[in-house]
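Overview (structure and organization)
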Amino acid sequence: MAAGKEIRGKIKSVENTKKITKAMEMVAASKMRKAQERMRSARPYSDKVRNIAVNLGAANPEYTHAFMQTNESKAAGFIVVTTDKGLCGGMNTNVLRAVTGKLRELQAAGIDPQAVAIGNKGLGFLNRIGARVVSHVTQLGDTPHLDKLIGPVKVLLDQYAEGKLSAVYLCYTKFINTMKQEPVVEQLLPLTRERMQADAGQHSWDYIYEPDAKTVIDELLLRYVEALVYQAVAENMASEQSARMVAMKAATDNAGNVIGELKLVYNKTRQAAITKELSEIVAGAAAV
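In short, a report on the structure.

Attention now moves to the overall build of the chain. When helices and strands are counted, the chain shows five helices and five strands. Of the regular secondary structure in the chain, the N- to C-terminal order runs α-β-α-β-α-β-α-β-β-α. For 288 residues, the compact-globule estimate of 2.2 N^0.38 gives 19 Å, and the C-alpha radius of gyration of the chain, at 28 Å, exceeds that figure by more than 25%. Seen along its three principal axes, the alpha-carbon backbone of the chain occupies a region of about 115 × 40 × 30 Å. Here the chain holds 288 residues, and the buried ones make up 41% of them. One way to put it: in the chain the 38 positive side-chain charges average out to a point 11 Å from where the 30 negative ones average out.

As structure tokens, then:
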């Protein structure tokens, strides 16, 4: 019964794997709910900052912030948001495929790309394809903190404000629902009129400024862009936990199917061995 012993070993191994994937599925489900709450709670902040910045800009049309101006440059920046860990299906692969397509498009137009990597998977990918990584941040954990993101992202923001970049693109995985996440490559800078448009039906108003309107607009637009980056990281983390939960559930189901098939093979092998022994006994008795 050497074959039967080997099959029993395989069954035991798959059962252990199934326990691990089931535990990872439950952990991901718990983290997913927290990540979704964090993602939704970040949206009102960026919306409020945007509305205030729009009203300030309407009240002071003579001043245009650098983030809203178009630069003529042969360089562009990318903020690539991925996960630090794997086992989340094709989530990272999809967003990195979209990033690759955009990089090739810009390189064909003669534009030199440079990137900021947020997450281990994106950093490793950009290094493998030989992209220029100007800064990176990894190991954000389950709760992203804005102070960890500001430093690396500010490199590209400062370059754009100085006119060294023609555009800055934000690449991440957008959370749609638990079963669906979409890779997104969207233009972060310059801020488009559509993105900066105030809510329909609202009127403009002016403020009392301290110290002056220019300083307030500068600070608000910087906070708004940082909020957009934070929102992208929060969306990516919610997508990560959802994708991991679905992937681990599929792995658990597959492990159950494999165990059922192995048990069927084991029972057939055992039955064949018993039948063979009975045949030998009967044959021996007949010979005597």
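Looking now at helix 2 (residues 91–108). Counted at 1.5 Å a residue, the expected span for helix 2 with its 18 residues is 26 Å, and the 26 Å between its end C-alpha atoms agrees. Taken residue by residue, helix 2 has Met 91, Asn 92, Val 95, Leu 96, Val 99, Thr 100, Lys 102, Leu 103 and Leu 106 as its buried positions. For helix 2, the elements touching its buried residues are strand 1 (75–81), strand 2 (112–118), helix 3 (120–128), strand 4 (167–177), strand 5 (180–189) and helix 5 (213–287).

Here the structure, examined in full by the defined rule, presents eleven salt bridges. Glu 182 serves as the salt-bridge partner of Lys 180, at 3.5 Å between the closest nitrogen and oxygen. Between Glu 240 and Arg 244 there is a salt bridge, and its shortest N-O distance comes to 3.0 Å. Taken together, the positions of Glu 240 and Arg 244, both in helix 5 and four residues apart, correspond to about one turn of that helix.

Turning next to helix 4 (residues 146–161). Taken as a whole, helix 4 carries its principal kink of about 40 degrees at Val 153. Within helix 4, burial applies to Leu 149, Pro 152, Val 153, Leu 156, Leu 157, Gln 159 and Tyr 160. In the core, the buried residues of helix 4 are packed alongside strand 1, strand 2, strand 3 (132–137), strand 4, strand 5 and helix 5.

On to a nonpolar patch on the surface. Residues Ile 274, Leu 278 and Ile 281 make up a contiguous nonpolar surface patch of about 280 Å² in total accessible area. Along the chain, the position of Leu 278 falls in helix 5.

The five strands are arranged 3-2-1-4-5 in an open sheet whose pairing can be described as mixed. A single partner strand is all that each edge strand has here, and the edge strands are strand 3 and strand 5. On average, each strand axis in the sheet is tilted by 20 degrees relative to the strand beside it, whichever way the strands run. Where strand 1 lies against strand 2, seven bridges are found, and the strand directions are parallel. Bridged to Ala 75 within strand 2 is Asp 112. Helix 4 contacts strand 1, strand 2, strand 3, strand 4 and strand 5 of the sheet and is inclined by roughly 150 degrees relative to strand 3.

Where strand 2 meets strand 3, five bridges bridge the pair, whose relative direction is parallel. Looking at the pairing, Ala 115 lines up with Val 133 of strand 3. Once you follow strand 2 into helix 3 and on to strand 3, the crossover reads as right-handed.

Within the secondary structure, Ala 76 sits in strand 1. On the basis of relative accessibility, which here comes to 1%, the residue Ala 76 falls in the buried class. Separated by 113 residues in the primary sequence, Ala 76 and Leu 189 place their C-alpha atoms 9.9 Å from one another. Discounting residues that sit within four places of it in the chain, Ala 76 has contacts with Leu 106, Ile 111, Asp 112, Pro 113, Gln 114, Leu 165, Ser 166, Ala 167 and Tyr 169.

This part covers unusual backbone geometry. Backbone torsion omega between Leu 189 and Pro 190 reads 0 degrees, so that peptide bond is classified as cis. Mapped onto the fold, Pro 190 is located in the loop between strand 5 and helix 5. In this structure, Gln 139 is a non-glycine residue whose phi angle is positive, near 55 degrees. Within the secondary structure layout, Gln 139 lies in the loop between strand 3 and helix 4.

Time to look at the nonpolar core. With 39 residues, the main nonpolar core has Phe 67, Ile 79, Ile 118, Val 168, Leu 188, Leu 189 and Leu 191 as its most contacted residues. Mapped onto this core, the elements with two or more residues apiece are helix 1 (2–59), strand 1, strand 2, helix 4, strand 4, strand 5 and helix 5. Top element by residues in this core is helix 5. It accounts for 13 residues. Here Ile 118 is in contact with Ile 79, Val 80, Val 81, Thr 82, Val 137, Leu 140, Leu 149, Val 153, Val 229 and Val 233, once residues within four sequence places are set aside. In terms of nonpolar packing, the next biggest core, distinct from the first, is built from 17 residues, Ala 76, Leu 96, Leu 123 and Leu 126 among them.

Conventions used here
Throughout this description, residue numbers start from 1 for each chain and increase along the sequence as written. For a predicted model such as this one, the threshold for reporting local features is a pLDDT of at least 70, and the threshold for listing and counting side-chain atom pairs is 80 or more; totals across whole chains, interfaces and linings nevertheless cover every residue. Hydrogens are left out, water is left out, and the side-chain values use all remaining heavy atoms of the structure. Strands here mean DSSP runs of E at least two residues long; helices mean DSSP runs of H or I at least four residues long; both are numbered from the N terminus. Here the globule rule is a power law, 2.2 Å times the number of residues to the power 0.38, and the radius of gyration is based on C-alpha atoms. The cut-offs for exposure are 20% and 50% of the maximum accessible area for each residue type, with area from a 1.4 Å probe on protein chains only; residues under the lower value are buried, those over the upper are exposed, and the others partly exposed. Positive charges come from Lys and Arg, negative ones from Asp and Glu, while His and the chain ends are left out of the count. Charge positions come from single atoms, namely NZ of Lys, CZ of Arg, CG of Asp or CD of Glu. Here, expected helix span is obtained from the residue count minus one, scaled by 1.5 Å. Contacts: residue pairs with any heavy atoms within 4.5 Å of one another. We define a salt bridge as a side-chain nitrogen of Lys or Arg found within 4 Å of a carboxyl oxygen belonging to Asp or Glu. The bend at a residue is defined as the angle formed between two axes, one fitted to the seven residues ending at that residue and one fitted to the seven starting there. Each patch is built from salt-bridge-free residues with over 30% relative accessible area, joining like charges within 9 Å and nonpolar side chains (Val, Leu, Ile, Met, Phe, Trp, Tyr) within 5 Å. Where accessible areas are quoted, they stem from the Shrake-Rupley method and a 1.4 Å probe; at the residue level, only the protein chains shown are allowed to cover. Whether two strands pair depends on DSSP finding at least two bridges between them. Geometry is summarised by axes, namely lines fitted to C-alpha atoms with helices restricted to the contacting stretch, and by angles between N-to-C directions that run from 0 to 180 degrees. Handedness of a crossover: with both strands directed away from the viewer, a clockwise path from the first strand across the helix to the second marks it as right-handed. Definition used in this section: a nonpolar core is a set of buried Ala, Val, Leu, Ile, Met, Phe, Trp, Tyr and Cys residues joined via side-chain atoms within 4.5 Å.

This is a description of form; function is not addressed.
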